[in-house]
Amino acid sequence: MSLSETVSKIDSLSDEQRECVENCNEAAEVCEWCADECLGDADMEECARLCRDVADLASLHARFMARSSNYSTQLAQACAGACEECAEECSRHDADHCQVCADVLEECAESCRRMANS
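Fair warning: this is a prediction, and the values are worked out from it, not measured in the lab.

A. Focus on the environment of Cys34. As for its position among the elements, Cys34 is in helix α2 (residues 15–38). Under the relative-accessibility criterion, Cys34 is labelled buried at 0%. What Cys34 contacts, discounting residues up to four positions off in sequence, is Cys47, Cys51, Cys90, His97, Cys98 and Cys101.

B. Structural detail: the layout of surface pockets. Taken as a whole, the largest pocket holds about 190 Å³ of empty space. What lines the largest pocket is a set of 13 residues, and nearest its centre among them are Gln17, Met65, Ser69, Ser72 and Thr73. Examining the composition of the lining of the largest pocket, we find that three residues originate from one element, helix α4 (residues 72–91), more than from any other. Class assignment of the residues belonging to the lining of the largest pocket gives a composition of four nonpolar, nine polar and no charged.

C. Here's a closer look at α4. Along its 20 residues, α4 runs 27 Å from first to last C-alpha, staying within 8% of the 28 Å computed at 1.5 Å per residue. Turning to α4, the residues buried within the fold contact α2, α3 (45–66) and α5 (96–116).

D. Fine view of the packing of α3 against α5. For the pair α3 and α5, the least separation of the axes is 12 Å and the interaxial angle reads 40°. Taken together, α3 and α5 sit at an angle that is classed as oblique. Between α3 and α5 lies a crossing of left-handed hand. Contacts from Cys47, Cys51, Val54, His61 and Met65 in α3 reach Cys98, Cys101, Leu105, Cys112 and Met115 in α5. Broken down by class, the residue content of the contact of α3 with α5 amounts to nine nonpolar, one polar and no charged.

Criteria and cut-off values
Residues numbered from 1 in each chain as written. Predicted model: local features only at pLDDT ≥ 70, side-chain atom pairs only at ≥ 80, totals over all residues. Heavy atoms only, no water. Helix = DSSP H or I, 4+ residues; strand = E, 2+ residues; numbered from the N terminus. Buried < 20%, exposed > 50% of the residue type's maximum accessible area, 1.4 Å probe, protein only. Contact = heavy atoms within 4.5 Å. 1 Å grid on protein atoms, 1.4 Å probe; cavity = no way out; pocket = protein on both sides within 12 Å on 5 of 7 lines; lining within 4 Å. Points joined across faces, edges and corners; volume = space filled by probe spheres on them. Nonpolar A, V, L, I, M, F, W, Y, C, P; charged D, E, K, R; others polar. Expected span 1.5 Å × (residues − 1). Axes fitted to C-alpha atoms, helices over the stretch in contact; angles between N-to-C directions. Parallel < 35°, antiparallel > 145°, perpendicular 65-115°, else oblique. Left-handed = near helix turned anticlockwise from the far one by under 90°.

Function cannot be inferred from these measures alone, as they are strictly geometric.
As structure tokens, this is what we get:
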């Protein structure tokens, strides 16, 4: 079963929340990939660090949303901010993994901002 199929079975989530959970999980995956690709390059240390932060925050936010945690709003705000900062950093680099990461993070930041403001 795919992630989106699993998320669609969580009855307590709205369509917007489901989208955010999926975006957060995608962000966590792409950030792990990007961070791994950046390792060993001194010019990419900040990118790798930010990607690791986003991977952890996005994964945590998705889990908190799935269980309807009272802390989801605060995590949505933190996740959106981290995604925005990391996307900005990734967009400065020409590497394909950084460009893909920046695109995914912009979408994740938008959905997390919607969750934080709802």
